[in-house]
Amino acid sequence: MNTNSVNRTDCPEVKVPFLIFFTVGIVSLAENLLVVLAVILNRNLHSPMYCFICSLAAFNTIASLTKTWENLMIVFADVGQLEKRGPSETKLDDMMDSLLCMSFVGSIFSFLAIAVDRYITIFNALRYHNIMTMQRTGGILVVIWTTCGVSAVLMVRFFDFKFIMICFVVFFIVSLAIICFLYVYMFLLARIHAKSIAALPPGGGGKCQRQRRWASNMRGALTLTILFGAFVVCWAPFFTHLIIIMVCPLNPYCECYRSLFQLHVVLIMSHALIDPAIYAFRSAELRYTFRKMLLCSSWKLCS
């Protein structure tokens, strides 16, 4: 494509039908609410890791609800029921942007907390219950939700300043780097530990028990790695969009990428849709809980 011949009209904005936004939003909202209820109702899931997973599902619920309501507002505005730039609509739009930012920052912090929890589970198994108590887990969750709420309000309030947008992108990149480093380091150490277990003399139940516990912990770590990979795939295009706004706002090639913005938003919403499917596929306890919740009319009758 010749640079001289490219202009804004060569890459018209890609429009995603409202029905797709609405369907993805409603389904992901229902799925994540199901995860939250499963963790609350099943006492076997009352552990630090599942508390952090429940927190992640709650942030996904906020994202799904926010984007679904925002798209409903757009429909109402298109049919003349709402002013697109009225004062009350602007305030509501800012509030929804704050909730979306909150869900993003909360997802990052939740993944970081889960990664640290898995690290302690695998490499400090004997001290795990002393380190990760439920009281300490509750304190961590309070800090996460408070920090996310405050930072989201500040981000939206001052997002017109380029410095805030840069901080937002840098936070995303640095957080990904930290979590990736922690997972790589975890799996490298896991390989060394696996070799040391394999080198133990055969006989007795100690070696088999350690191998089973090790396999279970590594399966949990692999599940969370898959979740994190899905998060990166779904959110990275949006942050590439923000980088392009800062670096080349007038370049025609960049404008072609920016024309895909609605697809990037669908990807963000799809992240909330994908996570519960990964939970259900990888966790036998969650699958069991989902079946009881969906197939039984009363939780107590099914217990």
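Under the annotation held in an unreviewed UniProt entry, the protein chain carries the name Melanocyte-stimulating hormone receptor and is attributed to Oryzias sinensis.

Undergrad: I'm lost on the packing of aromatic side chains in this one. Help?
TA: Aromatic ring pairs: the centre-centre distance and the angle between the two ring planes describe each pair. Scanning the entire structure with this criterion turns up 16 aromatic pairs. Between Phe-59 and Trp-145, the ring centres sit 4.0 Å apart and the planes meet at 15°, which makes this aromatic pair stacked. Note that Phe-59 is positioned in helix H2 (residues 48–78) and Trp-145 in helix H5 (residues 134–157), a separation of 86 residues in sequence. On the numbers, 6.1 Å between centres and 85° between planes, the contact of Trp-235 with Phe-238 is edge-to-face. In this pair, Trp-235 and Phe-238 are both assigned in helix H7 (residues 205–247), three residues apart and thus about one turn of the helix distant. Neither residue differs from the other here; Trp-235 and Phe-238 are each classed as buried. Taken together, the ring pairs connect Phe-104, Phe-109, Phe-111, Phe-171, Phe-172, Phe-228, Phe-231, Trp-235, Phe-238, Phe-239 and Phe-261 into an aromatic cluster.

Undergrad: For this particular structure, what's the right way to read H2?
TA: Residues spaced three or four apart along an α-helix face the same direction, because each turn holds 3.6 residues. Along its 31 residues, H2 runs 45 Å from first to last C-alpha, staying within 8% of the 45 Å computed at 1.5 Å per residue. Burial within H2 is extensive, with 24 of its 31 residues counted as buried.

Undergrad: Which parts of the structure should I look at to understand the state of the cysteines?
TA: Cysteine pairs can be linked by a disulfide, which is a covalent bond between their two sulfur atoms. Inspection of the entire model under this criterion finds one disulfide. Two residues, Cys-248 and Cys-254, share a disulfide whose sulfurs are 1.8 Å apart. Taking the sign of the torsion about the S-S bond as the criterion, the disulfide between Cys-248 and Cys-254, at about -90°, is left-handed. A residue is classified by how much of its surface remains accessible, and Cys-248, at 18% relative accessible area, is buried.

Undergrad: Looking at this model, I keep getting lost on the environment of Tyr-119. Mind explaining?
TA: Tracing the sequence through the fold places Tyr-119 in helix H3 (residues 87–123). Taking relative accessible area as the criterion, Tyr-119 reaches 23% and is therefore assigned partly exposed. The spacing of Tyr-119 and Leu-189 is 70 residues in sequence and 9.9 Å in space, taken between C-alpha atoms.

Undergrad: Looking at this structure, I do not really get the environment of Leu-72. What am I missing?
TA: Here Leu-72 lies in helix H2. Residue classification places Leu-72 among the partly exposed residues on the basis of a relative accessible area of 23%. The contacts of Leu-72, once residues within four sequence positions are left out, are Phe-18 and Phe-22.

How each quantity is defined
- Residues numbered from 1 in each chain as written.
- Predicted model: local features only at pLDDT ≥ 70, side-chain atom pairs only at ≥ 80, totals over all residues.
- Heavy atoms only, no water.
- Phe/Tyr/Trp six-rings, centres within 6.5 Å; stacked < 30°, edge-to-face > 60°.
- Helix = DSSP H or I, 4+ residues; strand = E, 2+ residues; numbered from the N terminus.
- Buried < 20%, exposed > 50% of the residue type's maximum accessible area, 1.4 Å probe, protein only.
- Expected span 1.5 Å × (residues − 1).
- Disulfide = S-S within 2.5 Å.
- Contact = heavy atoms within 4.5 Å.

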